[in-house]
Every structure is written in C-alpha cells, then in structure tokens.
There are 2 protein chains.
Amino acid sequence: MKLKRSERIVDMTATLLDNPNKMFSLKDFTTKYESAKSSISEDLAIIKETFENNNIGIIETIVGSNGGVIYFPKLKPEIQEMYVEELINDLDNPKRILPGGYFYLSDIITNPKYLENIAKVIASQHYGEKIDYVLTVATKGVSVAQAVAKELGIPFVIARKESKITEGSTVSVKYKSQSAPNLVKNMEIGRESLKENSNILLVDDFFRGGGTINGMASIVEIFNSKVVASYVICEFNDKGLTQKLNTKSLVLITGMDPDTGKIDIQKGTIFDK
Amino acid sequence: MKLKRSERIVDMTATLLDNPNKMFSLKDFTTKYESAKSSISEDLAIIKETFENNNIGIIETIVGSNGGVIYFPKLKPEIQEMYVEELINDLDNPKRILPGGYFYLSDIITNPKYLENIAKVIASQHYGEKIDYVLTVATKGVSVAQAVAKELGIPFVIARKESKITEGSTVSVKYKSQSAPNLVKNMEIGRESLKENSNILLVDDFFRGGGTINGMASIVEIFNSKVVASYVICEFNDKGLTQKLNTKSLVLITGMDPDTGKIDIQKGTIFDK
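Going along each chain's sequence as written, the residues are numbered from 1 onward. Key to labels: chains lettered from A, ligands numbered from 1, both in the order written. Thresholds applied to this predicted model are a pLDDT of at least 70 for local features of residues and 80 or more for the giving and counting of side-chain atom pairs; totals over whole chains, interfaces and linings are not thresholded and use all residues. In computing side-chain values, all of the structure's heavy atoms are included and hydrogens and water are not.

Let's talk about the overall build of chain A
- Assigned secondary structure in chain A consists of 7 helices and 13 strands.
- Structurally, chain A occupies a C-alpha span of about 65 × 45 × 35 Å along its principal axes.
- In chain A, buried positions account for 56% of the 273 residues.
- We call two residues in contact whenever any of their non-hydrogen atoms come within 4.5 Å of each other. Restricting the contact set of chain A to residue pairs at least 6 apart, pairs at least 24 apart contribute 61%.
- The accessible surface values rely on the Shrake-Rupley method and a 1.4 Å probe; as for residues, cover is taken only from the protein chains in view. For chain A, the accessible surface area stands at approximately 12100 Å², while carbon and sulfur atoms represent 49% of it.
- Counting 34 positive and 35 negative side-chain charges, chain A places the centres of these two groups 4 Å from one another. Runs of H or I in DSSP of at least four residues are treated as helices and runs of E of at least two as strands, each being numbered from the N terminus. A 1.4 Å probe rolled over the protein chains alone gives each residue an accessible area, and that area as a share of the maximum for its type sets the label: buried under 20%, exposed over 50%, partly exposed in between. In summary, the charge assignment counts Lys and Arg as positive and Asp and Glu as negative, without counting His or the chain termini. To locate a charge, take atom NZ for lysine, CZ for arginine, CG for aspartate or CD for glutamate.

Okay, here's the thing in structure tokens:
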C-alpha cells in the first residue's frame, strides 16, 4: 500500500510502539509502504527525534545489511524519577498502613497507568540486554510482571505456592522464609514455562526479607538459567534482614507508625549508583 | 514546544495510543504544540484515516465546545476473526489436553502479544460504552483482566477465593459450584476496590459450568453495580450446564479426546448475532 509521508509516520509510530524491543529492517517498511529506502530513513529520523524529545522512548538504528530499527521504552532519568515521585506521593497516606505492618498497594497494582509507568522505569534499566522471561510469584507480583514483560516484548512466568492442575507438570523448590527462618515454603512452576539457559528478570510487588525472591532464584538455578536483576515496587526494611540477591526497589519505606499514620518513605535503591 | 507537522503527528499518535478511551480536546493539542486549531484538525484527520486503514483502531471526533478526540482500540470484524483464528490454530494441539479434561492455556495467558490481541477483540465489543472496572477471579483470569483494562483505560479488580491481609477489609460472597452443585465456594474482594453503581465487565480464562462467573455476578450485586457483559477466552461445554449470564467466548471447545489427541475447536460465541 502506497502511503503519504504523514500516513507512513502514523503507522510506523504505532507499529514500533506496539512492538518494543523488536527489530524492523528498512526492507520491512520499504515493502509495506512501497517507498524508497531514503524516504523511510527520513521518516525514521523524524520519529526517532520526536520519541527522544517527548520522552516516549528511544529508537536505535542498527546499520549494516542486517540492520534496522528497534524501539525501546527507555525513559530519561528525570522522567523515571518523576514517575517514582508520583508513586511516593500516592503511597504516603496513613490509610495504607494495614494491621500487622502490612501496606495497601492493591489499587496501584490493578491500575494499568501506574503499572505502565512502573514497568517503564524497570525496563529502562535494561536497554540493549538479552532477557528471555520475567518471573514472579503469585499472586501480587503478577500484574507487575505482566506490565514489565509487555515493555520488554517477552513472556512472563508465574511461580505458585501450590501447583494447579492447569499448569501441567511442574517443578517445585523449597526455600526458607526470611521473616520466619524456621519456616520452609514451597514454590512451583510449570515445566514447560521456562526454557533452560535463559536470562531472567525477577519482579514482585513488595519486599521484606527477600524469602520469595530467594525462592525464585532457586527455581532459576534448577532451569540452569541466570537472574539478570531483581526488582520490587516497594521495599520495607524494618527487620534489618539481609538479602542474597541485590533486589532493587522503586520506593523504600523505612518506617510506618499505625498510631500517628506517619510513613517514612523515599526513593528506592533503583537509582543508587 | 513548537513542532513541525510530522513531529506533532508522531507525538499525537503516541499520546492517543497510550491513552485509549480518553478524550483530548483540540485545546490540549493546540496548547502543547503552539499550533492553530486548523493545523491540529488536519493532523488528526490524517491520524484518524491511517488508524482506520491500518486496523489500529478508531478515532472518534466529538464536535462542539466540549469536543475533542478519543482513540478506541476497536478492530474491524475481519481482524477480530483473524486473531481468534490464530488462537484456534495454536490451541488445536493434542499436548494441550491435560489429565482430567483440563486444558493448557498458561503459555497464552502469560504472553503479552496474545493477551493484547485477546483484549482488543473483547474491547472492540464495547466501543462508546461506559465501563468502570474489569472484574476477574484469581488466579488465571488476572492477566486477561489486566490486558482488557489497559485497552479500556480503566482499573481491574481481582476477586480471590481467600482474602489476603494485604487487601485490607474485604466483602465475601458464597456461591454454588456449577460442576459440583453440592459444593459451596467462597469469593472475596477488597471493600475499597469497587465503587457502588459501577458498570462492570467480567472476564476469565476458561469457562465450564459458569460457577465462578455467577460468583462474580453476586459480588457485583452486593456493590449495587451492573454486569455489562461477561467473557472467557475458552469455553468447554462438555457437561451441558446452563449459565445464568450470557458469557461469551472467543474460542469454543466441544470435545477433546486424550487418546487420539483430537480437539473439536471452533470460533466462540462472541461472534454470534
């Protein structure tokens, strides 16, 4: 289909945004739009510049005969910090303190807009890296994993405390709870859900002692795979527990007082150098 | 910021795609780009036409002083059917038959690309309607709910079999299992997660007797809200159970034989008139 420049630009913008981390060759576009390489290159230069100027993400150009363009949702550091500050403003609310030192995050992790911003901050850390899966543990981490997987253009995998018949055959691991060290917990994932020798990103909603993150790391080992990095939305380090994996957080809570409603909350370790 | 037409078009395309179902006034754009109304109107006409010609979705123009444009991911019927046919091709695989007449869908509901296509088919049925939440039941429906909620630009809500401390206060309902009519089950949702008098879309991954869908309908009633429609990816009507709600499916399985691996699978009831 022969299109005008402005129409090509609309369609290319939509195609790239809908396929993060996927390479399109110039030929894909010259064929689709029946246009010369030089025209497509000019179109892409406009899209690339606008994406950068308007904080949409980056478009990388790969030169050579196998070359092409890749869109990646990498945000500028100041935009990442802005998203995290918005999150902190919304989390700094006495109503969020639940009995037993728990914290209410349900509205955040069921809101597609928040999830998208959180996912883009996490994805921004991994531009140019090969990642095969996002792994999380049911149930609260699932929506974060899904959002991050979408930004990276890869599938996600859910580990569960008990296996479900509908998972097919599973692999299970036992792991020690960090908050109650005498407690041994179980975690399972479908045998078909992860390929060996993969690079894996771990995500969860909330981090206290890191027991579940360690459990996920054990699963990754069983599949002869590698943890690339590990993230949580919210870290609460009230117990001074140590963690094996260097899990990074978007938001760090260092204290909360149910009586006064005061929450000590700040930017998480994701921005630490 | 003053932009050229082609740059405005890139940024407007990205903004609209990122905000389905949200109205932008002409003034939002004339202010942002420091451009005349007539220029923005021409830009939008190009975007609108390209979205329609390339099956990206529709852009509705609302005229008048409160007017503006709204992007909605409504796909043409032939594209919807194409997505469902792709799904059928992938599901028609003997390996998917699990012991006990269960069906393996895990790879589909953890793949962002499939989820997006499924969500767009479901969202396409509700262009122009006011919907406030997508409701599902943990755990397998969650990724579908999240994907549909994203396309509709609204939050999703998760009902759970047992409440979690991190949900805060919950409301519970009891409901009858359809497949085992003597079994009474429990379902809970956070009290804060749904506002009264809402319009709600129900979604789930798999439908057999419709017990869980009925359970969700009871929750909707408690919140004085209304079920707009109810969807599942996959319906398996082996038991001839009747359903109260007219739940629509993308894919319908009428039989599967673990011995021969034969699956009788066809388009679901979503396309029935």
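Side note on the relation of the copies chain B and chain A
- The copies are overlaid by a least-squares fit using only the C-alpha atoms of residues whose pLDDT is at least 70 in both copies. Expressed as a screw operation, the relation of chain B to chain A combines 0.0 Å of axial shift with a rotation of 180 degrees, fitting to an RMSD of 0.0 Å. Expressed as a symmetry operation, the mapping of one chain copy onto the other fits a two-fold axis.
- Mapped onto chain A, 98% of the interface residues of chain B are again interface residues, and the two copies thus contact each other with one and the same surface.

Notes on the UniProt feature "domain: Bacterial purine repressor N-terminal" (unreviewed entry) in chain A
- When the UniProt feature table is mapped to this numbering, "domain: Bacterial purine repressor N-terminal" (unreviewed entry) covers residues 4-73 of chain A.
- Spanning residues 4-73 of chain A, this segment combines 56% helix with 17% strand, and its end C-alpha atoms are found 27 Å apart. UniProt positions are given in the numbering used here, feature names are shortened, and annotations may be inferred rather than shown by experiment.

Here we look at helix H2 (residues 26-33) of chain B
All names here are of chain B.
- Considered for burial, the residues of H2 that qualify are Phe29, Thr30 and Tyr33. Mapping the buried residues of H2 onto a view down its axis gives an arc of 100 degrees, with all of them on the same face. Turned more than 90 degrees off the buried face of H2, the exposed positions are Lys27 and Thr31.
- Buried-residue contacts for H2 involve helix H1 (5-18), strand S1 (23-24), helix H3 (37-53) and strand S3 (68-72).
- Residue Glu34 follows H2 closely and has a positive phi angle near 50 degrees. This arc is taken over the directions from the axis of the helix to the C-beta atoms.

What about the sheet that holds strand S1 (residues 23-24) of chain A?
Residue and element names in this part refer to chain A.
- At least two bridges found by DSSP between two strands are what make those strands a pair. Taken together, 3 strands build an open sheet; the order of strands is S1-S3-S2 and the sheet is antiparallel. On the outer flanks of this sheet lie S1 and strand S2 (58-62), each paired with one strand and no other.
- Of the strand pairs in this sheet, S2 and strand S3 (residues 68-72) are connected by 5 bridges, and their pairing is antiparallel. In the sheet register, Ile59 faces S3, and the bridge partner there is Tyr71.

With respect to the pairing of strand S13 (residues 262-267) of chain A
All names here are of chain A.
- Bridge count between strand S12 (residues 248-257) and S13: 6 bridges; the pairing is antiparallel. Of the residues in S13, the one forming a bridge with Asp257 is Lys262.
- Linking S12 back to S13 in an antiparallel pair, the connection comprises 4 residues, with Gly261 at a positive phi of about 80 degrees.

A word on helix H6 (residues 142-152) of chain A
Residue and element names in this part refer to chain A.
- Among the 11 residues of H6, 10 are classified as buried, and the element is accordingly described as predominantly covered.
- Regarding H6, the residues found buried are Val142, Ser143, Val144, Ala145, Gln146, Ala147, Val148, Ala149, Glu151 and Leu152.
- Phi for Gly153, located one or two positions after H6, is positive at around 70 degrees.

Description of the interface of chain B and chain A
- Contacts between the two partners involve 50 residues from chain B and, on the opposite side, 49 residues from chain A.
- Buried area, as used here, totals the accessible surface that two parts lose on assembly, with accessibility defined by a 1.4 Å probe and the loss added over both. Buried area between chain B and chain A, both sides added, is near 4200 Å², and the carbon and sulfur share of it is 60%.
- Of all residues in chain B, Val10(B), Gln146(B) and Thr166(B) bury the most surface against chain A, accounting for 14% of the area lost on that side.
- The rule for a salt bridge is simple: a side-chain nitrogen of Lys or Arg has to be within 4 Å of a carboxyl oxygen of Asp or Glu. Inspection of the chain B/chain A interface yields 6 salt bridges.
- Where Asp18(B) meets Lys113(A), a salt bridge forms, and the shortest distance between an N and an O atom there is 3.3 Å.
- Within the residue set of the side of chain B that touches chain A, elements represented by two or more residues are H1, H3, strand S5 (102-103), helix H5 (112-124), helix H6 (142-152) and strand S7 (156-159) of chain B.
- By residue number, the principal contributor to the side of chain B that touches chain A is H1(B), which donates 9 residues.
- Its residues assigned to classes, the side of chain B that touches chain A comprises 25 nonpolar, 13 polar and 12 charged. Each residue is assigned to one of three groups, with Ala, Val, Leu, Ile, Met, Phe, Trp, Tyr, Cys and Pro labelled nonpolar, Asp, Glu, Lys and Arg labelled charged, and all others, Gly among them, labelled polar.

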